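Listed below are the residues making up each chain.
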Amino acid sequence: MFRTAALALTIAGMAACSSTSDTEEMPMETNDTAAADAAAAAARAEQQRMERERMEREREEQAALNTTVFYFDFDVAEFQPSDRETLIVHARNLASNPNRRVRLEGHADERGTREYNLALGERRANSIRDFLIVNGASRSQLETVSYGEEQPAVRGQTEAAYRQNRRVEIQPAG
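Residues numbered from 1 in each chain as written. Predicted model: local features only at pLDDT ≥ 70, side-chain atom pairs only at ≥ 80, totals over all residues. Heavy atoms only, no water.

Novice: Explain the pairing of strand S4 (residues 167-172) here, please?
Specialist: Each regular strand shows side chains that alternate between the opposite faces of the sheet. In this sheet, S4 lies alongside strand S1 (residues 69-71) in antiparallel orientation, the contact comprising three bridges. Paired with Tyr-71 across the bridge in S4 is Arg-167. Pairing geometry for strand S2 (residues 102-107) and S4, over five bridges, is antiparallel. Paired with Leu-104 across the strands is Ile-170, a residue of S4. (Pairing = 2+ DSSP bridges. Helix = DSSP H or I, 4+ residues; strand = E, 2+ residues; numbered from the N terminus.)

Novice: What am I meant to see in helix H2 (residues 84-96) here?
Specialist: Each α-helix turn comprises 3.6 residues. Residues three or four places apart therefore point the same way. When the terminal C-alpha atoms of H2 are compared, their 18 Å separation across 13 residues agrees well with the 18 Å that a helix rising 1.5 Å per residue should span. Here H2 has its buried residues at Thr-86, Leu-87, Ile-88, Val-89, His-90, Ala-91, Asn-93 and Leu-94. (Expected span 1.5 Å × (residues − 1). Buried < 20%, exposed > 50% of the residue type's maximum accessible area, 1.4 Å probe, protein only.)

Novice: Help me out: how do you make sense of the nonpolar core in this one?
Specialist: One broad rule of soluble globular proteins: the nonpolar side chains tend to lie buried together. Formed by 17 residues in total, the largest nonpolar core has its most connected members in Leu-87, Leu-104, Ile-128 and Leu-132. Put simply, the parts of the chain that give this core at least two residues each are H2, S2, helix H3 (114-134) and S4. Among residues more than four places away in sequence, those in contact with Leu-87 are Phe-70, Phe-79, Ile-128, Phe-131, Leu-132 and Ile-170. (Core = buried A, V, L, I, M, F, W, Y, C linked by side-chain atoms within 4.5 Å. Contact = heavy atoms within 4.5 Å.)

Novice: What should I look at first to understand the sheet that holds S2 in this one?
Specialist: Pairing between the strands of a sheet comes from backbone hydrogen bonds, and it takes one of two forms, parallel or antiparallel. Overall, mixed pairing links the four strands, which are arranged S1-S4-S2-S3 in an open sheet. The sheet is open, and its two edges are formed by S1 and strand S3 (142-148), each paired on a single side. Direction aside, neighbouring strands of the sheet carry axes that sit 20° apart on average. Examined bridge by bridge, S2 and S3 share six bridges and lie parallel to one another. (Axes fitted to C-alpha atoms, helices over the stretch in contact; angles between N-to-C directions.)

Pasting the structure below:
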């Protein structure tokens, strides 16, 4: 009888130990599942963030490519520092599209002689051309032309009109 009781206690103890280990494993499995769910949610959030950033970069790039007129100060052939990033986007776009060609049209306001303004328009177009080449465009993709004062964007003899006429326009080359 004593042996039977000892055997029964041993079996009960083993059953208790095994049931204890089962209950201890369940929270571990729940914790593992929760951790996996949290990791998956974090990965989805990161992927969504990266997609939003990619879409924002594409919008910014398209806005830069839609900017095709660059203005110059009086009697200066260097473009504005604020135009650098936009021109870099144009250069990279040309570099990634080797069959694309553009014409850089240089303009000047009406002050100065015809010859001087033609030369100034050419220097302005060349300034943009050189920057595009340094940033990835091929020389064969770029054509420059100067119209000097001959094709004003705005007619008039005010500083506002002059400012709009001192420009380089990027046009598709045909």
